[in-house]
Amino acid sequence: MTTSADTVLDAFLALIAEKGFAEVTLRDVAAAADLGLADLYRLYPDKVALAAAFMARIDAAVLAGTPGQVDPEETARDRLFDVMMRRYDALRPHRDALRALRRAGTRDPLLALALGPALRRSMGAMLEAASLSSEGLPGALRQNGLLAIHYAVSRVFDRDDTVDLSKTMAALDSRLKMAERWSQLFEKYAVSRREKVTNPAPQ
């Protein structure tokens, strides 16, 4: 991302945190970033593109802190917990902007739909950072599951005023444990079905 793009994104985040997403126009962002409207349009043609760039910035911050090697002692849940907590740490300075985006998405279903692909890409990046595949149907199911967890935990994160985000950590740990239990049950069911197909009962 260029310096100009960073400046524009910072201006956008400050504006929506102050005024709300719907109240901010591209002209407002251009003025705050001291940039011509045409120049802004070349970088970000609309506010959805700006919101997607914000998510991509957070993704990059999380991925930058991902170890190069997987610790064999860590479980998938442990790795995903670490990744998501790095995400909440990266989001912490932008909580007001995040609230503005969430409120706008709740009020405008079309906006929520437009932001959906960027959110799923973010969840895919988080899965990959935790060494969990985001490809194919299993990956799509993981993305949707992690998105549901993120949505629930974000509501706690919004109100978490602890120094170490302990309330957010507790909420994330609880939901990841629940997801792990469901995943184990599903895997047992899938194995059982495969065994029945491979070794049908004698007639």
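Definitions and limits used
- Residues numbered from 1 in each chain as written.
- Predicted model: local features only at pLDDT ≥ 70, side-chain atom pairs only at ≥ 80, totals over all residues.
- Heavy atoms only, no water.
- Helix = DSSP H or I, 4+ residues; strand = E, 2+ residues; numbered from the N terminus.
- Buried < 20%, exposed > 50% of the residue type's maximum accessible area, 1.4 Å probe, protein only.
- Contact = heavy atoms within 4.5 Å.
- Areas by Shrake-Rupley, 256 points an atom, 1.4 Å probe, with all protein chains shown as cover.
- Phe/Tyr/Trp six-rings, centres within 6.5 Å; stacked < 30°, edge-to-face > 60°.
- Lys NZ or Arg CZ within 6 Å of the ring centre and 35° of its normal.

Quick look at the overall build of the protein now. For the protein, the helix and strand inventory stands at 9 helices and 0 strands. Put simply, the protein has 203 residues, and 36% of those count as buried. Considering only residue pairs separated by 6 or more positions, the protein has 66% of its internal contacts joining residues 24 or more positions apart. Accessible surface for the protein amounts to roughly 12,000 Å². Of this, 57% is attributable to carbon and sulfur atoms.

Before going further, it helps to examine the packing of aromatic side chains. Summed over all chains, the structure comprises 2 aromatic pairs. Plain terms: the ring middles of Phe 12 and Phe 21 are 6.2 Å apart, the flat faces sit at 85° to each other, and that makes the pair edge-to-face. A relative accessible area of 0% means that Phe 12 is categorised as buried. Where Tyr 88 meets Phe 157, the ring centres are 5.2 Å apart and the plane angle is 35°; that geometry is what we call tilted. Residue Tyr 88 is located in helix H5 (residues 76-91), and its partner Phe 157 is located in helix H8 (residues 136-159); the two are separated by 69 residues in the primary sequence. The exposure class of Phe 157 is buried, given its relative accessible area of 0%. Above the face of the Phe 21 ring, Lys 47 is positioned so that its terminal group lies 4.3 Å from the ring centre. A cation over a ring is seen here: Arg 95 above Phe 157, with NZ or CZ 4.9 Å from the ring centre.

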